[in-house]
Amino acid sequence: MSLSTEVREYSGVTIVDMTGRITLGEESGHVRDTVRGLLDGGATKIVLNLAGVTYIDSSGLGELVSAYTTSRNQGCEIKLLNVQAKVQDLLQITKLHTVFHCLTDETEAVTSF
Amino acid sequence: MTDCRKLRLSLESTVDSIDAAELIVQRLAELNGFNEDQVHQIGMGVRETVANAVKHGNAFNLAKRVSFDAAVDEAAFEVTVTDQGAGFEPEDVADPCEGDNLLRASGRGLLMMKAFFDEVEVGRCAGTGTRVRLVKYCAKGAS
């Protein structure tokens, strides 16, 4: 299952709804291209909604970390929304839960910036 | 060993091979009674191993192959993945959970293998390349 993304704006926050897998290859590239496009467009608050993402491998995690660091270096903040159980397990295993701010409510996510 | 299943493949050094290996071991695990979580863990650990072989070992070189052996019996699910790359020393791999390494884009594959399998052995081949052996001991159907 490939990755699809839809971008929308909500109260000044850019929300990226993601569905599918984030794995080595085109899917990771899709995440990179999407975030770069948003940064080029001037986004400063990004929420990656992972409600539809049930699978991420180490390359996908690496891409999320790259998105986080690249954004931070450009004055943009990225947060994660609706991280699914198996992905949450990976964040714990890799201790990336200490890096990413993960939320479960969209309104809360938007107002958390 | 009445339900033993064995599989040997020679894979191209491509992303498609990573996907294929993952699907094959997941199916093998399903057919041999492993539960959904175990199937997921076996698939993910194998995915990381084959991805390392394809990406870091063989560097996507189509002239190089990845050897893949899987065997299941009553006691364990065992996988051995061998590449034809330059090899590496596992102790040289930085801890991805330590300090600034947390913000590195790569280096988490070995950690994930160890998280999902009970035994992970990394060794050099006699000629060139790296051999990784994964073993998962678990009661089938257990949570």
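Bear in mind that the values here come from a model prediction, so they are computed numbers and not experimental data.

Draft legend 1. Main features of the overall build of chain A. Counting its secondary structure elements, chain A contains four helices and five strands. For chain A, the N- to C-terminal ordering of α and β elements is β-β-α-β-α-β-α-β-α. By the compact-globule yardstick of 13 Å for 113 residues, chain A fits well, its C-alpha radius of gyration being 13 Å. In terms of its C-alpha atoms, chain A occupies a principal-axis envelope of roughly 30 × 25 × 25 Å. Pairs at least 24 apart in sequence give 68% of the contacts found in chain A among residues at least 6 apart. As presented, chain A carries roughly 4,900 Å² of accessible surface, and 43% of it is formed by carbon and sulfur atoms. Of the charged side chains in chain A, 9 are positive and 14 negative; the average position of the first set lies 6 Å away from that of the second.

Draft legend 2. Local environment of the overall build of chain B. If you tally the helices and strands in chain B, you get three helices and five strands. Along chain B, from the amino end to the carboxyl end, the secondary structure elements read β-α-α-β-β-α-β-β. Since a compact globule built from 143 residues should have a radius of gyration of about 15 Å, the 15 Å found for chain B is in line with a globular shape. Taking the principal axes of the C-alpha coordinates as reference, chain B spans close to 40 × 35 × 25 Å. Counting only residues that meet the buried cut, chain B has 45% of its 143 residues in that class. Intrachain contacts of chain B at a sequence separation of at least 6 include 64% that bridge at least 24 residues. Across chain B, the 16 positively charged side chains and the 23 negatively charged ones have centroids separated by 5 Å.

Draft legend 3. Region of the structure containing the sheet that holds strand β1 (residues 4–10) of chain A. Residues and elements named next belong to chain A. The strand order β1-β2-β3-β4-β5 describes an open sheet built from five strands, whose pairing is mixed. Every other strand in the sheet has two partners, leaving β1 and β5 (102–103) as the edge strands with one partner each. Contacts from helix α2 (residues 58–73) reach β2 (13–22), β3 (45–56) and β4 (77–81), with the element oriented near 175 degrees to β3.

Draft legend 4. Representation of the nonpolar core. Counting 62 residues, the largest nonpolar core has Leu50 of chain A together with Val46, Phe68 and Phe77 of chain B as the members making the most contacts within it. Here the element with the most residues in this core is helix α2 (residues 36–57) of chain B; it accounts for eight residues. Setting aside chain neighbours within four positions, we find Leu50 of chain A in contact with Met18, Ile22, Ile56, Leu64, Leu80, Leu81, Asn82, Val83 and Gln84 of chain A. Within the second largest apolar cluster, seven residues are counted, among which are Val13, Leu81, Ala109 and Val110 of chain A.

Draft legend 5. Fine view of the pattern of salt bridges. Inspection of the entire model under this criterion finds 15 salt bridges over all chains. Its salt-bridge partner being Arg47 of chain B, residue Asp57 of chain A comes within 2.9 Å of it at the nearest N-O pair. Taken together, the residues span two chains, with Asp57 of chain A in the loop between β3 and α2 and Arg47 of chain B in helix α2. Grouping residues by exposure puts Asp57 of chain A and Arg47 of chain B together as buried. The closest approach of N and O atoms between Glu119 of chain B and Arg133 of chain B, which form a salt bridge, is 3.4 Å. Linking Glu119 of chain B in strand β4 (residues 119–124) with Arg133 of chain B in strand β5 (residues 130–137), this pair joins segments that are 14 residues apart in sequence. Connected through shared salt-bridge partners, Arg21 and Asp57 of chain A together with Asp19, Glu22 and Arg47 of chain B make up one network.

Draft legend 6. Molecular detail of the environment of Asp19 of chain B. Residue position: Asp19 of chain B is located in helix α1 (residues 15–31). Classification of Asp19 of chain B by relative accessible area gives partly exposed; the value is 27%. Between the C-alpha atom of Asp19 of chain B and that of Leu9 of chain B, which follows or precedes it by ten residues, the distance is 14 Å. Leave out the neighbours within four places in its chain, and Asp19 of chain B touches Arg21 of chain A together with Arg47 of chain B.

The rules behind each value
Residues numbered from 1 in each chain as written. Chains lettered and ligands numbered in written order. Predicted model: local features only at pLDDT ≥ 70, side-chain atom pairs only at ≥ 80, totals over all residues. Heavy atoms only, no water. Helix = DSSP H or I, 4+ residues; strand = E, 2+ residues; numbered from the N terminus. Rg over C-alpha atoms; globule rule 2.2 N^0.38 Å. Contact = heavy atoms within 4.5 Å. Areas by Shrake-Rupley, 256 points an atom, 1.4 Å probe, with all protein chains shown as cover. Lys, Arg positive; Asp, Glu negative; His and termini not counted. Charge placed at Lys NZ, Arg CZ, Asp CG, Glu CD. Buried < 20%, exposed > 50% of the residue type's maximum accessible area, 1.4 Å probe, protein only. Pairing = 2+ DSSP bridges. Axes fitted to C-alpha atoms, helices over the stretch in contact; angles between N-to-C directions. Core = buried A, V, L, I, M, F, W, Y, C linked by side-chain atoms within 4.5 Å. Salt bridge = Lys/Arg side-chain N within 4 Å of Asp/Glu carboxyl O.

The analysis is restricted to geometry; functional conclusions fall outside its scope.
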